[in-house]
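So the chains spell out like this:
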Amino acid sequence: MKVLVIGLGGVTNGGKTTLAEKLKNMLPNCDVISQDDFFKPESEVETDEHGFKLYDVLDALYMDEMVTSIRNWMKSPASSGVVKEEPENTSDNLKNVYILIVEGFLLYNYEPLNEVWNRRYFLTLPYEECKRRRSTRVYQPADTPGYFDGHVWPMYLKYKKELEENASMEVDYLDGTKSQEELLSYVYSDIIQELNKLREESTIARD
């Protein structure tokens, strides 16, 4: 049994969740874990001097629980409820390959997760487009006036800069202004290449 762990990170409203769900439907033995499921309750999220709830930082998340969920999945993906359906052209060598897509806005800035990724993708958006998309979404709790400019966007730039300055971190940056179809096609093809590498490794190992 082999596992492939794919990170789908990046900017708020960049299309991560939609892309992850579409990939799940296209790939064999594929499951998704969402970082949004690990947010702490509002009462445990710190507030800054401007009254902004600091949701876009690692301390707003139960990251230890997220790491545990990912590692538990990696140990026993078949027990996670993954529907085992392979496309007709799936090689026999890939019948026991399981894919986990982890999607979230702060995936690559947390040290304990650094070793799990087979591929890292990071969706980007320019300021105006990100702000426009964010304004169309309803959050609980709701964004307060000035929240995007005062907290969300600065934190995105901060963490993105950390990634870019980490020479050892191999990240594939994706333009979130491209169509979902174009992004899906690119990431899907890339993951298929990773699967083919695993197939070749399995063949060599058997030989």
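Structure shown above.
This one's a predicted model, so the numbers in the text were calculated from it and none came from an experiment. (Residues numbered from 1 in each chain as written. Predicted model: local features only at pLDDT ≥ 70, side-chain atom pairs only at ≥ 80, totals over all residues. Heavy atoms only, no water.)

Caption draft 1: Spatial organisation of the overall build of the protein. Looking only at helices and strands, one finds five helices and five strands in the protein. Along the protein, from the amino end to the carboxyl end, the secondary structure elements read β-α-β-α-β-β-α-α-β-α. The 207 residues of the protein split such that 49% are buried. Looking at the protein alone, contacts between residues at least 24 apart form 78% of all its contacts between residues at least 6 apart. (Helix = DSSP H or I, 4+ residues; strand = E, 2+ residues; numbered from the N terminus. Buried < 20%, exposed > 50% of the residue type's maximum accessible area, 1.4 Å probe, protein only. Contact = heavy atoms within 4.5 Å.)

Caption draft 2: Representation of the nonpolar core. Counting residues in each nonpolar core, the largest one holds 41 residues, and the members touching the most others are M63, M66, I70, V102, Y108, L113 and W117. Where this core is concerned, the elements lending two or more residues are α2 (63-75), β3 (97-103) and α4 (147-165). Take this core: its biggest share by element is eight residues, from α4. In terms of nonpolar packing, the next biggest core, distinct from the first, is built from 21 residues, I6, V32, Y121 and L183 among them. (Core = buried A, V, L, I, M, F, W, Y, C linked by side-chain atoms within 4.5 Å.)

Caption draft 3: Local environment of the pattern of salt bridges. Counted by the stated rule, this structure contains 14 salt bridges. The partner of K24 in a salt bridge is D31, with the nearest N and O atoms 3.9 Å apart. Between K178 and E182 there is a salt bridge, and its shortest N-O distance comes to 3.9 Å. Taking the relative accessible area as the measure of exposure, K178 reaches 41% and is therefore partly exposed. (Salt bridge = Lys/Arg side-chain N within 4 Å of Asp/Glu carboxyl O.)

Caption draft 4: Representation of unusual backbone geometry. In the segment running from Q140 into P141, the intervening peptide bond is cis, with an omega of 0 degrees. Mapped onto the elements, P141 comes out in the loop between α3 (127-135) and α4. One non-glycine residue, N13, adopts positive backbone phi at about 65 degrees. Inspection of the secondary structure puts N13 in the loop between β1 (2-10) and α1 (16-26). Assessed through its relative accessible area of 10%, N13 is described here as buried. If you check the backbone angles, N29 has positive phi at about 50 degrees while not being a glycine. Here N29 shows up in the loop between α1 and β2 (30-34).

Caption draft 5: How the structure looks around the packing of aromatic side chains. Going through the model one piece at a time under the given rule, you end up with ten aromatic pairs. Between Y127 and F148 the ring centres are 5.8 Å apart and the planes differ by 50 degrees, which places this aromatic pair in the tilted class. With Y127 in helix α3 and F148 in helix α4, the pair connects residues that are 21 residues apart, well separated along the chain. A relative accessible area of 7% places F148 in the buried class. Sitting over the face of the ring of Y139, R134 holds its NZ or CZ atom 4.1 Å from the ring centroid. (Phe/Tyr/Trp six-rings, centres within 6.5 Å; stacked < 30°, edge-to-face > 60°. Lys NZ or Arg CZ within 6 Å of the ring centre and 35° of its normal.)

Caption draft 6: Inspection of α4 at higher detail. Between its terminal C-alpha atoms α4 stretches 26 Å, which fits the 27 Å expected from 19 residues at 1.5 Å a residue. Along α4, the helix axis deviates most sharply at W153, where the bend reaches about 25 degrees; the proline P154 sits within four residues downstream. Among the residues of α4, those classed as buried are Y147, F148, H151, V152, W153, M155, Y156, Y159, K160 and L163. Considering only its buried residues, α4 is in contact with β4 (119-124), α3 and β5 (172-175). (Expected span 1.5 Å × (residues − 1). Bend = angle between axes of the 7 residues up to and from the residue.)

Caption draft 7: Structural view of the side chain of R134. Among the structural elements, R134 can be located in helix α3. Note on R134: relative accessible area 8%, which makes it buried. For R134, the residues in contact, after removing those within four places along its chain, are T12, N13, Y139, D143, Y147, F148 and V152.

Caption draft 8: The sheet that holds β3, seen in detail. Judged by pairing direction, the sheet is parallel, and its five strands sit side by side in the order β2-β3-β1-β4-β5 without closing on themselves. Looking at which strands have only one partner, the edges of the open sheet turn out to be β2 and β5. Strand-to-strand, the axes of this sheet are offset by a mean angle of 25 degrees, without reference to chain direction. The pairing of β2 with β3 spans five bridges and is classified as parallel. Looking at β3, one finds that S34 is bridged to E103. Against the sheet, α2 makes contact with β1, β2 and β3, and its axis sits at roughly 165 degrees relative to β3, the strand it touches most. (Pairing = 2+ DSSP bridges. Axes fitted to C-alpha atoms, helices over the stretch in contact; angles between N-to-C directions.)

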